[in-house]
Amino acid sequence: MRILVAGATGVVGHPLVGALRARGHQVTALVREESRARAPEADAVVVADALDPQALSAAATDARPDVVVHQLSALRLLRDDPPEAFARTARLRVEGTANLLAAARAAGAGRLVAQSIAFAAAPTRDTVVDEDAPLYVDAPDPGWAATVRAVAELETQVLDGYPELSGLVLRYGTLYGPGTAYARTDGGTSGRVLAGKLPLPEGGAGVTSFLHVEDAVGAAVAAVESEVSGTLHITDDEPAPAAQWLPHFARALDAPPPRTIPAAMAPRLLGWFMAHQLTSAAGASNARARTELGWKPLLPSWRDGLGQE
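Residues numbered from 1 in each chain as written. Predicted model: local features only at pLDDT ≥ 70, side-chain atom pairs only at ≥ 80, totals over all residues. Heavy atoms only, no water.

What follows deals with the overall build of the protein chain. Along its length, the protein chain carries 10 helices and 15 strands. Here the C-alpha radius of gyration of the protein chain, 19 Å, is about what a compact globule of 309 residues would show, namely 19 Å. Relative to its full complement of 309 residues, the protein chain shows a buried share of 52%. Carbon and sulfur atoms provide 51% of the accessible area of the protein chain, an area that totals close to 13100 Å². (Helix = DSSP H or I, 4+ residues; strand = E, 2+ residues; numbered from the N terminus. Rg over C-alpha atoms; globule rule 2.2 N^0.38 Å. Buried < 20%, exposed > 50% of the residue type's maximum accessible area, 1.4 Å probe, protein only. Areas by Shrake-Rupley, 256 points an atom, 1.4 Å probe, with all protein chains shown as cover.)

Written out as structure tokens, the structure is:
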């Protein structure tokens, strides 16, 4: 098939281009001008900003894709400018998705596969939720509420935007591996753990569903080659409370054990989102992806790889 990968310089998008080509597909990488030097080896490279609808439509028309893969984000900016990273990513999830859908339709594509996140669910009594759980659009933190509303808008557009475009949303778990915040040598979260600056709130009851980058790529390849539509959680098999994964991560990094702090102090010391992740977040079940997509993770547990790269 002819496939257009938007966001081809990202943590998932870059290796995805190679994985799709290895399967015999003809892949066009869509990149921004300032990212062109980081473009992966592809059958073709087209340059356009997803927030420029005319340029994006022209690039998609040149590629003539059967399938468009949406891996757009600005999270590369997180280390230098977190507010801008989240604000631009929200725009890409709303405006960029609308532009990409219109461009895909105009170019004659029949399918669009889009990345989302599996950790946007509202807190619940359940420690692990499926894809039908409500999203945390009314989170008390304005930044996270805006992020989740943008995620919800992306998913609605992909699934309901154009009847001639079959849409599949892949909700990735918390990514670890090369290029992520959990990368051993240069990840932001790894750095905090190594410096002893990521304490464990009492109880550590928040549940995280991890996903290795290679498994995110494998799921995207399976999604491109399938006819499944809807929303799927793409996570490993072992949702883990912070009380388990954070001490394990510290040991894997040869870092000091995380000190324990009162849970009530966590938002002030860690920031709202990290406190939420460690104290009250729900994990995500991958059962539907296993059944409907026929996908399963090569690294079924974070214990097999977290902190090893």
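Generally, phi is negative for residues other than glycine and the peptide bonds are trans, each holding for most cases. If you check the backbone angles, R64 has positive phi at about 50° while not being a glycine. The topology assignment puts R64 in the loop between α2 (53–63) and β4 (67–70). Positive phi is not limited to glycine here, since D254 has a value of about 55°. With respect to the element layout, D254 can be found in the loop between α7 (242–252) and β14 (260–261). Looking at D254, the relative accessible area reads 64%, which means it is exposed.

The 7 strands are arranged β3-β2-β1-β4-β5-β7-β12 in an open sheet whose pairing can be described as parallel. Each having just a single partner strand, β3 (44–47) and β12 (230–234) make up the two edges of the open sheet. Neighbour-to-neighbour, the strand axes of this sheet turn through a mean angle of 20°, independent of strand direction. Bridge count between strand β7 (residues 166–172) and β12: 5 bridges; the pairing is parallel. Paired with V169 across the strands is T231, a residue of β12. Across the sheet, helix α3 (residues 82–106) touches β1 (2–6), β4 and β5 (111–117), and the angle it forms with β4 is around 170°. (Pairing = 2+ DSSP bridges. Axes fitted to C-alpha atoms, helices over the stretch in contact; angles between N-to-C directions. Contact = heavy atoms within 4.5 Å.)

A few words now on the environment of G24. Residue placement: G24 occurs in the loop between α1 (13–22) and β2 (26–31). Residues G24 and R2, 22 residues apart in the sequence, show an inter-C-alpha distance of 9.7 Å.

Turning next to the packing of α2 against α3. As a packed pair, α2 and α3 sit with axes 8 Å apart at the nearest point and diverge in direction by 35°. Judged by the twist between their axes, the crossing of α2 over α3 is right-handed. On the side of α2, the interface is formed by P53, L56, S57 and A60, while α3 contributes N99, L100, A103 and A106. Grouping the amino acids of the contact of α2 with α3 by side-chain chemistry returns 6 nonpolar, 2 polar and no charged. (Left-handed = near helix turned anticlockwise from the far one by under 90°. Nonpolar A, V, L, I, M, F, W, Y, C, P; charged D, E, K, R; others polar.)

Moving on to α7. By the criterion of burial, α7 is predominantly enclosed, with 8 of the 11 residues buried. Regarding α7, the residues found buried are A242, W245, L246, P247, H248, F249, A250 and A252. Residues of α7 that are buried sit in contact with α5 (188–194), β9 (200–201), β10 (207–208), β11 (210–212), β13 (240–241) and α9 (272–279). D254 sits one or two positions beyond α7 and adopts a positive phi of about 55°.

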